[in-house]
Amino acid sequence: RLQRCESEFRGVTLLRTGSYYERVKISSPNEFDVMFKLEVPRIQLEEYCNSGAHYFVKFKRNPKGNPLSEFLEEEILSASKMLSKFRKIIKEEIKHIEDTDVIVERKRRGSPAVTLLIRKPKEIAVDIILALESKSSWPASTKEGLPIDNWLGVKVKNTLRRQPFYLVPKHAKEGNGFQEETWRLSFSHIEKDILKNHGQSKTCCEINGVKCCRKDCLKLMKYLLEQLKKKFRNRKELDKFCSYHVKTAFLHVCTRDPDDSQWRCEDLELCFGSCVAYFLHCLETERLEHYFIPGVNLFSPHQIEKPSKEFLSKQIEYERSNGFPVFGEF
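Residues numbered from 1 in each chain as written. Predicted model: local features only at pLDDT ≥ 70, side-chain atom pairs only at ≥ 80, totals over all residues. Heavy atoms only, no water.

With an unreviewed UniProt entry as reference, the protein is termed Cyclic GMP-AMP synthase, source organism Diceros bicornis minor.

Rendered as structure tokens:
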């Protein structure tokens, strides 16, 4: 429908990223992320408040005119205008879907996703995210990021950095509200590549290759957080924690322990323990560097309050000391 009718979104194509495509989905798959990418040539980015991650998007002069001009707020491409049109089209379109009970969930403030709730035959949530694709070189804030030199090698790093980068309409926080015209960098496609080709040896986890436990550790870490969020769903402390925090910490452990021999399948318990210890260290020091934008601290006090980090830390410590009872609770 997007490709067919609405000229502004005519160029969208599917970008398959997220835990389902990374093969690190845990539990039964009932939540999916689907990214719709739209290539935007000739853009220039203006960093928002030295954030490193959030940008205003402007266009360089285009003699053919600008197909997205209706979303411009003065010279800036408005993330909120574009998202609301995107949402409107999807809302209209699902009215024509027969044989399935599907609704669009209410808009969540600051969320870049349009969430579809499919209620029959079983409940599934699908987050549809619009992503702008830029084929220019990655922004300066990413220069020191992607620290995979000793793990996957400089050659792989250079190849990955030649891939496009994406911008999603996730607004920057501004006081108690949001700066609604900003876009946030997204590297989920690179994360997917790394998780797919995660070993120092090229054949790691392939059919004839030696298996490692990296992905199992990530699954267990995600499961731990998911189960704790479920257990304490009536409290506010864990609201701001998400699987991305766990994935980021896990990638840093892979950087620290680059050798395949450090991730042998028979050492799963040990490796998982090491990932848990690193995550606890991040909570205690209130520091978790974004893997691609090292200037961004995902655990800074203005992102997540100290009492929340202390609460999660205490719960994980309890789980660790008691053999992770939460794994068997639900």
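Right, picking up where we left off after that structure.
**Q** Looking at this structure, I do not really get the packing of aromatic side chains. What am I missing?
**A** The geometry of an aromatic ring pair is captured by the separation of the ring centres together with the interplanar angle, meaning the angle of the planes. Under the counting rule described, the total for this entry stands at 16 aromatic pairs. Residues Phe272 and Phe324 carry aromatic rings whose centres are separated by 5.1 Å and whose planes lie at 50° to one another, so their mutual orientation is tilted. Here Phe272 is found in helix α6 (residues 268-285), whereas its partner Phe324 is found in the segment after α7 (306-321), with 52 residues between them in sequence. Each member of the pair, Phe272 together with Phe324, is buried. A ring pair is formed by Phe272 and Phe327, whose centres lie 6.2 Å apart and whose planes are at 35°; its orientation type is tilted. (Phe/Tyr/Trp six-rings, centres within 6.5 Å; stacked < 30°, edge-to-face > 60°. Helix = DSSP H or I, 4+ residues; strand = E, 2+ residues; numbered from the N terminus. Buried < 20%, exposed > 50% of the residue type's maximum accessible area, 1.4 Å probe, protein only.)

**Q** What exactly am I supposed to notice about the pattern of salt bridges here?
**A** Note on pairing: side chains with opposite charge can pair once their charged atoms come close. Within this structure, the stated rule accounts for 21 salt bridges. Taking the shortest distance from any N to any O, the salt bridge between Lys85 and Glu70 comes out at 3.4 Å. Here Lys85, found in helix α1 (residues 79-94), pairs with Glu70, found in the loop between β4 (54-59) and β5 (72-73); they are 15 residues apart in sequence, far enough to count as distant. In this structure Glu70 comes out as partly exposed when scored by relative accessible area, which is 42%. Note that Asp149 and Lys157 form a salt bridge whose closest N and O atoms lie 3.1 Å from each other. Each of the salt bridges in this network shares a partner with another, and the network as a whole consists of Glu8, Glu70 and Lys85. (Salt bridge = Lys/Arg side-chain N within 4 Å of Asp/Glu carboxyl O.)

**Q** Is there a simple way to think about the nonpolar core in this case?
**A** In summary, soluble globular proteins display a tendency toward joint burial of nonpolar side chains. Within the largest apolar cluster, 84 residues are counted, with the highest numbers of intra-cluster contacts made by Phe9, Met82, Phe86 and Trp263. Among the elements that line this core, the one with the most residues is α6, at 9 residues. Residues from two domains meet in this core; each of domain 1 (1-137 + 165-197) and domain 2 (201-329) gives at least three. Discounting residues that sit within four places of it in the chain, Trp263 has contacts with Cys212, Cys213, Arg214, Cys217, Phe250, Val253, Cys254, Asp257, Cys271 and Cys275. Judged by nonpolar contacts, the second largest core, of 7 residues, contains Met35, Ala113, Ile129 and Val168. (Core = buried A, V, L, I, M, F, W, Y, C linked by side-chain atoms within 4.5 Å. Domains from an automatic or database assignment. Contact = heavy atoms within 4.5 Å.)

**Q** Looking at this model, I keep getting lost on the confidence of the model for the protein. Mind explaining?
**A** Detailed reading of the predicted coordinates is not advisable wherever pLDDT falls low. In the predicted model, the protein carries a mean pLDDT of 88, and 92% of its residues have values of at least 70. Summarising per-element confidence for the protein, the mean pLDDT is lowest in strand β12 (residues 177-179) (64) and highest in α6 (97). (pLDDT = per-residue confidence, 0-100.)

**Q** Just to check I follow, could you spell out the packing of helix α5 (residues 243-256) against α6 for this structure?
**A** Helices that pack against each other are described as a pair by the angle of their axes relative to one another and the distance between those axes. Where α5 contacts α6, the two axes come as close as 9 Å, and the packing angle between them is 115°. One element, α5, and the other, α6, form an angle in the roughly perpendicular class. Classified by chirality, the crossing of α6 by α5 is right-handed. The segment α5 lies against α6, with His245, Val246, Ala249, Phe250, His252, Val253 and Arg256 engaging Ser274, Cys275, Tyr278 and Phe279. Looking at the contact of α5 with α6 residue by residue, the class counts come to 7 nonpolar, 3 polar and 1 charged. (Axes fitted to C-alpha atoms, helices over the stretch in contact; angles between N-to-C directions. Parallel < 35°, antiparallel > 145°, perpendicular 65-115°, else oblique. Left-handed = near helix turned anticlockwise from the far one by under 90°. Nonpolar A, V, L, I, M, F, W, Y, C, P; charged D, E, K, R; others polar.)

**Q** Would you mind showing me how to read the pairing of strand β10 (residues 165-168) here?
**A** Looking along a regular strand, one sees side chains alternate from face to face of the sheet. Of the two faces of β10, the one holding Phe165 and Leu167 and the one holding Tyr166 and Val168 are both buried throughout. Alignment of strand β9 (residues 124-134) against β10, held across 3 bridges, turns out to be antiparallel. When the bridges of β10 are listed, Leu132 appears paired with Leu167. The pairing of β10 with strand β13 (residues 183-186) spans 3 bridges and is classified as antiparallel. In the sheet register, Leu167 faces β13, and the bridge partner there is Leu185. (Pairing = 2+ DSSP bridges.)

**Q** For this particular structure, what's the right way to read the domain arrangement of the protein?
**A** In many analyses, interface size is given as the accessible surface area lost on bringing the parts together. For the protein, the assigned domains are domain 1 (1-137 + 165-197) and domain 2 (201-329). Relative placement of domain 1 and domain 2: their C-alpha centres are 26 Å apart.

**Q** What is the right way to read the side chain of His189 from this model?
**A** When you line up the elements, His189 lands in helix α3 (residues 188-196). Take His189: its relative accessible area is 6%, and that puts it in the buried class. Within polar-contact distance, the side chain of His189 engages the backbone oxygen of Pro164 at 2.8 Å. (Polar contact = N/O pair within 3.5 Å; in protein donor to acceptor, adjacent residues only side chain to side chain.)

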